[in-house]
Amino acid sequence: MNIDLQAREIKPLRNTFAHVAKYVGDDKPASRYQEATFGAQPSANFHYRPTWDPQHEIFDAARSKIVLADWYVLKDPRQFYYASWTMARARQQDAMEANFQFVESRGMVDKMPDDVREKALRVLMPLRHAAWGANMNNSSICAYGYGTAFTAPAMFHAMDNLGVAQYLTRLGLVLGEPSVLEEGKQAWLQDAHWQVLRRYVEDTLVVKDPFELFVAQNLALDGLLYPLVYGSFVDDHVAMQGGTAVAMLTAFMTEWHEESARWVDAVVKAAGAESEANRVQISAWVQAWTQRAQAALAPIADLALADTGGRALDDAATLLAERCRKAGVQG
Amino acid sequence: MSNVFIAFQHNEESRPVVDAILADNPHAVAVHTPGLVKIDAPNRLQIRRATIEEQTGRPYDLQQLHVNLVTLSGHIDEDDDELTLSWKH
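A brief structural summary. Values in this document were obtained by computation on a predicted structure and should not be read as measured data.

**Quick look at the overall build of chain B**
No. 1: Along chain B, the regular secondary structure elements total two helices and seven strands.
No. 2: Element order for chain B, N to C, with α for helix and β for strand: β-α-β-β-β-α-β-β-β.
No. 3: Seen along its three principal axes, the alpha-carbon backbone of chain B occupies a region of about 35 × 30 × 20 Å.
No. 4: Out of the 89 residues in chain B, the part that is buried amounts to 24%.
No. 5: In chain B, 63% of the contacts between residues at least 6 apart in sequence involve partners at least 24 apart.

**Examining the nonpolar core**
No. 1: The biggest cluster of nonpolar side chains holds 84 residues, and the ones touching the most others in it are A:V215, A:A220, A:L224, A:L228, A:V229, A:V286 and A:L297.
No. 2: The leading source of residues in this core is helix α9 (residues 210-238) of chain A, at 17 residues.
No. 3: In this structure A:V215 touches A:A220, A:I282, A:W285, A:V286 and A:W289, once residues within four positions along its chain are discounted.
No. 4: Judged by nonpolar contacts, the second largest core, of 18 residues, contains B:A20, B:A41, B:L45 and B:L83.

**Considering the environment of A:T86**
No. 1: Tracing the backbone shows A:T86 in helix α3 (residues 82-105).
No. 2: Along the chain, A:T86 and A:F156 lie 70 residues apart, while their C-alpha atoms are 9.0 Å from each other.

**Considering the interface of chain A and chain B**
No. 1: Opposite the nine residues of chain A that make contact, chain B presents seven residues.
No. 2: Classifying every residue of the side of chain A that touches chain B by side-chain character gives three nonpolar, two polar and four charged.

**Some points on the packing of α9(A) against helix α12 (residues 276-305) of chain A**
Residues and elements named next belong to chain A.
No. 1: Interhelical geometry of α9 versus α12 gives an angle of 30° and a closest axis separation of 8 Å. For the element pair α9 / α12, the angle class is roughly parallel. Of the two possible hands of crossing, α9 and α12 adopt the one that is right-handed.
No. 2: Its residues placed into classes, the contact of α9 with α12 shows 19 nonpolar, four polar and one charged.

**Focus on the sheet that holds strand β5 (residues 69-73) of chain B**
All names here are of chain B.
No. 1: If you walk across this open sheet you meet the four strands as β2-β3-β1-β5, and the pairing is antiparallel. Since the sheet does not close on itself, it has two edges, and those belong to β2 (29-33) and β5, each with one partner. Strand-to-strand twist in this sheet, taken as the mean axis angle between neighbours without regard to direction, amounts to 15°.
No. 2: Relative to β5, strand β1 (residues 3-9) runs antiparallel, the two sharing four bridges. By the bridge assignment for β5, A7 is matched with T71.
No. 3: Here helix α1 (residues 15-24) sits on the sheet in contact with β1, β2 and β3 (36-42), set at roughly 15° to β3.

**Some words on the sheet that holds strand β6 (residues 75-78) of chain B**
All names here are of chain B.
No. 1: The strand order across the open sheet formed by three strands is β4-β7-β6, and the pairing between neighbours is antiparallel. Sheet topology places β4 (44-48) and β6 at the edges, where each strand pairs with a single neighbour. Across the sheet, the axes of successive neighbouring strands diverge by a mean angle of 15°, strand direction being ignored.
No. 2: Taken together, the four bridges between β6 and strand β7 (residues 82-86) define a ladder with antiparallel strand orientation. Note on β7: the bridge partner recorded for H75 is S86.

**Notes on unusual backbone geometry**
No. 1: With a phi close to 60°, A:N45 is a non-glycine residue in the positive phi region.
No. 2: Of note, A:N45 is situated in the loop between α2 (32-37) and α3.
No. 3: Phi at B:N43 takes a positive value of approximately 70°, unusual for a residue other than glycine.
No. 4: Inspection of the secondary structure assignment puts B:N43 in the loop between β3 and β4.

**Quick look at the pairing of β1(B)**
No. 1: Both β1(B) and β3(B) contribute to a ladder of seven bridges, which runs antiparallel. Residue B:A7 lies in a different strand from β3(B), and its bridge partner there is B:K38.

**Section: helix α5 (residues 127-144) of chain A**
No. 1: Its 18 residues place the ends of α5(A) 26 Å apart at the C-alpha level, agreeing with the 26 Å of an ideal helix rising 1.5 Å per residue.
No. 2: Burial analysis of α5(A) places 13 of its 18 residues in the buried class, the great majority of the element.

**Focus: the environment of B:D61**
No. 1: Relative to the helices and strands, B:D61 is located in the loop between α2 (49-56) and β5.
No. 2: Taking the C-alpha atoms as reference points, B:D61 and B:D80, 19 residues apart in sequence, are found 7.6 Å from one another.

**Structural notes on the pairing of β7(B)**
Residues and elements named next belong to chain B.
No. 1: Only one face of β7 is covered, namely the face carrying L83 and L85; the face carrying E82, T84 and S86 is uncovered.
No. 2: With five bridges joining them, β4 and β7 adopt antiparallel strand pairing. Directly across from I47, in β7, lies its bridge partner L83.

Calculation criteria
Residues numbered from 1 in each chain as written. Chains lettered and ligands numbered in written order. Predicted model: local features only at pLDDT ≥ 70, side-chain atom pairs only at ≥ 80, totals over all residues. Helix = DSSP H or I, 4+ residues; strand = E, 2+ residues; numbered from the N terminus. Buried ≥ 20, exposed ≤ 12 C-beta atoms within 10 Å, placed from the backbone. Contact = placed C-beta atoms within 7 Å. Core = buried A, V, L, I, M, F, W, Y, C linked by C-beta atoms within 7 Å. Nonpolar A, V, L, I, M, F, W, Y, C, P; charged D, E, K, R; others polar. Axes fitted to C-alpha atoms, helices over the stretch in contact; angles between N-to-C directions. Parallel < 35°, antiparallel > 145°, perpendicular 65-115°, else oblique. Left-handed = near helix turned anticlockwise from the far one by under 90°. Pairing = 2+ DSSP bridges. Expected span 1.5 Å × (residues − 1).

Worth remembering: the numbers are spatial, not functional.
Next comes the structure, spelled out in C-alpha cells:
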C-alpha cells in the first residue's frame, strides 16, 4: 500500500478582520501590529457616562483639543504591539544585565575617582522621581487618550519609564550604599537645584488634555533632559573622567530615548499635518512647555556640568528645535 | 539569464524582509506556499538593511534573517548593509 503525502494549500477567504481591512485593505495579510491596533478602540454603545466625568463618554476624543477625523493616523513607526515591544525590551534587558555584570565583575566602580562617583549619584538619583513622573503621565495619556494607535504605545512608554527608574535604582545600589536612594529623594524634595524640575513634573501630573501632556512630558521635557543628562553629562563628561561604568549602566536610556523619539516625532507630525488648527495648538504647547522645561533643567545643567552646563542645555534645545521643525511644528 | 531565489519561513519576522526585497527588486516575484515564501528574481536579488529598517522602524541586523531563512540559490555577496544574490563570481 502506498501512502501519498501531499501539501495542499488552503487559500483563506479573507486576509484579515473586517475592522482591520477597513484601514489597510484586504488584498494582503495584515501585519500583527495592524491587527493589534486598528479598530481596537472601543467606540460605541457606552450606556452610561462615567460618574467622575459626566461631560465625556468613557472613551472620548473630545478630552483633547487636538481634533482628528481618525485617531488611527497616529501610527507608531516602530510598529510596537505587546509581543514585539516585550521582545525588543527583553533583548535590551539582556544587554543591560551583561553591562551590570561586566561593571561588577571588573570592579569598575572602585576604579572610579570618588568625586566623579559622588557627582554621578547627585545628578542621577533624584531623576528616579522624574522618571516615575513620566511613568504616571504616560499612564494618564493611555487612560484618557483616544485611539489604540496612540494609547497603546503610551502605556509601553510608561512602563519603559518605570524601567529607566529601576535602572537608576540599580545604578545607585552599585555605585553606593542603599542610603543614596534616600539622599536622592531628599534632594528631589529639598535641594534648590531640583525644585523647578519637581514643580514641572508635579504640574504635568494634573494636565487634563492627553495630547498636551504628551507634548509636555515626552517631547518638551524628555527631549531636553535625555540629551542633557545621558548625553552631555554621562557620556561626554563623566565617562571622560574615569566614569565609563556610569555610561555602561545608563546605556539603555540613551538607546531608548533615540528609539522612542521617533515615535514621539511621528505622532506630533501626523497630528499637526491634519489641520492648521492642530498645528497651531501643538506649536503653542511645544513653545510653552519647552520654555518651562528649559528653565527647570537650567539649575540641573549647572549642578551637573558647572560652567559648560548652559551650553550643553542650549545644544539640547537646538536638537529639540530641529526635531520640532522636522515634525512640522514650531518649537 | 537564470533565476536566483531565496525562501523564508512565512512568519511575522520575515514579513518586513520580504516586503523590503519586493520594494528593492521590482523584478522579483514572491510565491506563497504553505509556511513558506519563495522569492524568485532574474539574475540578481538584493536585500538592503536600510529598507528593512524603514519597514520596521527599528534597527535590524542582517544576520537576523538567517533565523527564518530556508534556502537560497546564487552566489552570495554579503556585508553589514547588503546581501546580494547573483550568478556573477
